[in-house]
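Understanding the architecture of this molecule
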Amino acid sequence: MGLQLIGSMFIIIGTSLLGFWWAANYKKRVEALDQIAYLMRMLYGEIKYQEGNFAESFLSMGRHCSGRSQSFCMDLAQALEEGSGQPFHTIWRNMVDTYWRESALLEEDRTIFITLGENLGYLDKEMQLNTIQLFIHQIDQRKQQLQQTMPEKCRISRLIGVLAGVFITIMLL
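Let us look at the structure shown here. (Residues numbered from 1 in each chain as written. Predicted model: local features only at pLDDT ≥ 70, side-chain atom pairs only at ≥ 80, totals over all residues. Heavy atoms only, no water.)

**Describing the overall build of the chain**
- A count of helical and extended segments in the chain gives 6 helices and 0 strands.
- Along its sequence from the N terminus, the chain presents helices and strands in the succession α-α-α-α-α-α.
- The C-alpha atoms of the chain give 21 Å as radius of gyration, which overshoots the globular expectation for 173 residues (16 Å, by more than 25%).
- Structurally, the chain occupies a C-alpha span of about 70 × 30 × 25 Å along its principal axes.
- Looking at the chain as shown, the accessible area adds up to about 10,300 Å², and 58% of this sits on carbon and sulfur atoms.
- With 16 positive and 18 negative side-chain charges, the chain shows a separation of 10 Å between the mean positions of the two kinds. (Helix = DSSP H or I, 4+ residues; strand = E, 2+ residues; numbered from the N terminus. Rg over C-alpha atoms; globule rule 2.2 N^0.38 Å. Areas by Shrake-Rupley, 256 points an atom, 1.4 Å probe, with all protein chains shown as cover. Lys, Arg positive; Asp, Glu negative; His and termini not counted. Charge placed at Lys NZ, Arg CZ, Asp CG, Glu CD.)

In C-alpha cells form, the structure reads like this:
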C-alpha cells in the first residue's frame, strides 16, 4: 500500500510538472517573438539610417543584444563577412535553424522568420524596409493573439497535467 501511494504521488507530480512546463512554453514563445521583433526593429533602423551592408548591420546589432539574439547576429555577421559564396537567404536559413530551432517558437514562426531572409538582400532599400515592417506587423499580431489566449491556455495546461496524473493514478489503483 505504501509503494502504491508513493508511486501515485510520483505520477501526479510528474504529470503536474509536465503541465506546468507546457504552460511555461507559451510564455517562452512570447519572449522569443519579442526578441525577434526587437531584432527586426534594430535591422530596420540599421538599413534606414546607417546604410551599411548586412554584415556591418548585424555586427552592430549583436553588440546591442544578449543571449541567443547576440549569438545569432554575431555569427550571421561573421558568415556574411567570410563570403562563403552562398546566397544571403541560404546563410540566413542556416542561422535561423541553428539558433532558433531549440527555442519555444513553433515551426510556422520559424518559417515566417526564414521567409523574411529570403526576401532581404536583393531588394532595394525601400522594399527591404517595407518587408521588415510587414514582418514586424505579422510578429506583433502573433504575439498579441498569443497574449490574449495565453492565460487560458496556461491554466488549462496546468489543469490537464494535474488531472492526467489523478486519472492515471485512479486507473492503476
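**Thoughts on the pattern of salt bridges**
- One pass over the full model with this rule turns up 10 salt bridges.
- Residue Glu-107 is joined to Arg-110 by a salt bridge in which the shortest nitrogen-to-oxygen separation is 2.6 Å. Residue Glu-107 and its partner Arg-110 are both found in helix α5 (residues 107–119); the two are separated by 3 residues, about one turn of the helix.
- In this structure, the salt-bridge partner of Glu-108 is Arg-142, at a minimum N-O distance of 3.0 Å. Placement of the pair is Glu-108 in helix α5 and Arg-142 in helix α6 (residues 125–172), with a sequence separation of 34 residues.
- Glu-108 gets classed as partly exposed once you look at its relative accessible area, which sits at 43%.
- Through salt bridges with shared partners, one network takes in Arg-29, Glu-108, Asp-109 and Arg-142. (Salt bridge = Lys/Arg side-chain N within 4 Å of Asp/Glu carboxyl O. Buried < 20%, exposed > 50% of the residue type's maximum accessible area, 1.4 Å probe, protein only.)

**Observations concerning α5**
- In a regular helix each residue adds 1.5 Å, so 13 residues correspond to 18 Å; α5 covers 19 Å between its end C-alpha atoms and thus fits that length.
- Three or more residues of α5 are buried, namely Asp-109, Arg-110, Ile-112, Phe-113, Ile-114, Leu-116 and Gly-117.
- The elements touched by buried residues of α5 are α1 (2–50), α3 (67–82), α4 (88–100) and α6. (Expected span 1.5 Å × (residues − 1). Contact = heavy atoms within 4.5 Å.)

**Describing the packing of α1 against helix α2 (residues 54–63)**
- One can describe the packing of α1 onto α2 by two numbers: an axis separation of 10 Å at closest approach and a directional angle of 130°. Relative to α2, the element α1 lies oblique. Of the two elements, α1 crosses α2, and the hand of that crossing is right-handed. Where α1 abuts α2, its residues Leu-39, Met-42, Leu-43, Glu-46 and Ile-47 lie against Phe-54, Ser-57, Phe-58, Ser-60 and Met-61.
- Its residues assigned to classes, the contact of α1 with α2 comprises 7 nonpolar, 2 polar and 1 charged. (Axes fitted to C-alpha atoms, helices over the stretch in contact; angles between N-to-C directions. Parallel < 35°, antiparallel > 145°, perpendicular 65-115°, else oblique. Left-handed = near helix turned anticlockwise from the far one by under 90°. Nonpolar A, V, L, I, M, F, W, Y, C, P; charged D, E, K, R; others polar.)

**Considering the packing of aromatic side chains**
- Within this structure, the stated rule accounts for 11 aromatic pairs.
- Their ring planes at 45° and their centres at 6.1 Å tell us that Phe-54 and Phe-58 sit as a pair that is tilted. In this pair, Phe-54 and Phe-58 both sit in helix α2, 4 residues apart, roughly one turn of the helix.
- Given the relative accessible area of 15%, Phe-54 is considered buried.
- Since its relative accessible area comes to 0%, Phe-58 is described here as buried.
- Three or more aromatic residues link up through ring pairs in this structure, and these residues are Phe-54, Phe-58, Phe-72, Phe-88, Trp-92, Tyr-99, Trp-100, Phe-113 and Phe-135.
- Positioned above the aromatic ring of Trp-100 is the side chain of Arg-68, whose terminal nitrogen or guanidinium carbon lies 5.4 Å from the ring centre. (Phe/Tyr/Trp six-rings, centres within 6.5 Å; stacked < 30°, edge-to-face > 60°. Lys NZ or Arg CZ within 6 Å of the ring centre and 35° of its normal.)

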